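Below, each chain spelled out in residue letters.
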Amino acid sequence: MNEITEMQRRILICVREWIAEYGEAPTIREIGQRVGLSSTSSTAYQLGRLEERGVISRAGRTWRSIRLC
């Protein structure tokens with residue numbers, strides 16, 4: 001498996017911390033704001049790449065349902 005990028009690592013840390021603090025995954029906008037991505041499309045792309053690699057999964061179609069694998 002290829003290594004994840006620095007941005008993907010930052011997103012994973014963001015998701016992990018958000019879930020620990022709030023008990024649910026952040027929205028795409030919340031993730032983008034925390035990691036410095038202004039485009040929701042860019043954030044969704046990075047999340048999609050993490051999902052393809054099996055690092056995260058989601059129940060349903062919303063990113064709010066992200067789970068760390």
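Scroll up to find the structure.
Source: prediction; values computed, not measured.

Details of the overall build of the chain
In step 1: Broken down by element type, the chain carries 3 helices and 2 strands.
In step 2: Secondary structure of the chain in N-to-C order comes out as α-α-α-β-β.
In step 3: In terms of its C-alpha atoms, the chain occupies a principal-axis envelope of roughly 30 × 25 × 20 Å.
In step 4: Intrachain contacts of the chain at a sequence separation of at least 6 include 43% that bridge at least 24 residues.
In step 5: A gap of 4 Å separates the mean positions of the 11 positive and 8 negative side-chain charges of the chain.

Examining the packing of helix α1 (residues 6-22) against helix α3 (residues 40-52)
Helix packing for two helices is described by the angle between their axes and how far apart those axes are.
In step 1: At a closest axis distance of 10 Å, the pairing of α1 and α3 adopts a crossing angle of 85°. Judged by the angle between their axes, α1 and α3 are roughly perpendicular. Each of Met7, Gln8, Ile11 and Leu12 in α1 lies in contact with α3, whose residues at this interface are Gln46, Leu47, Arg49 and Leu50.
In step 2: The residue makeup of the contact of α1 with α3, split by class, is 5 nonpolar, 2 polar and 1 charged.

Cut-offs used in this document
Residues numbered from 1 in each chain as written. Predicted model: local features only at pLDDT ≥ 70, side-chain atom pairs only at ≥ 80, totals over all residues. Heavy atoms only, no water. Helix = DSSP H or I, 4+ residues; strand = E, 2+ residues; numbered from the N terminus. Contact = heavy atoms within 4.5 Å. Lys, Arg positive; Asp, Glu negative; His and termini not counted. Charge placed at Lys NZ, Arg CZ, Asp CG, Glu CD. Axes fitted to C-alpha atoms, helices over the stretch in contact; angles between N-to-C directions. Parallel < 35°, antiparallel > 145°, perpendicular 65-115°, else oblique. Nonpolar A, V, L, I, M, F, W, Y, C, P; charged D, E, K, R; others polar.

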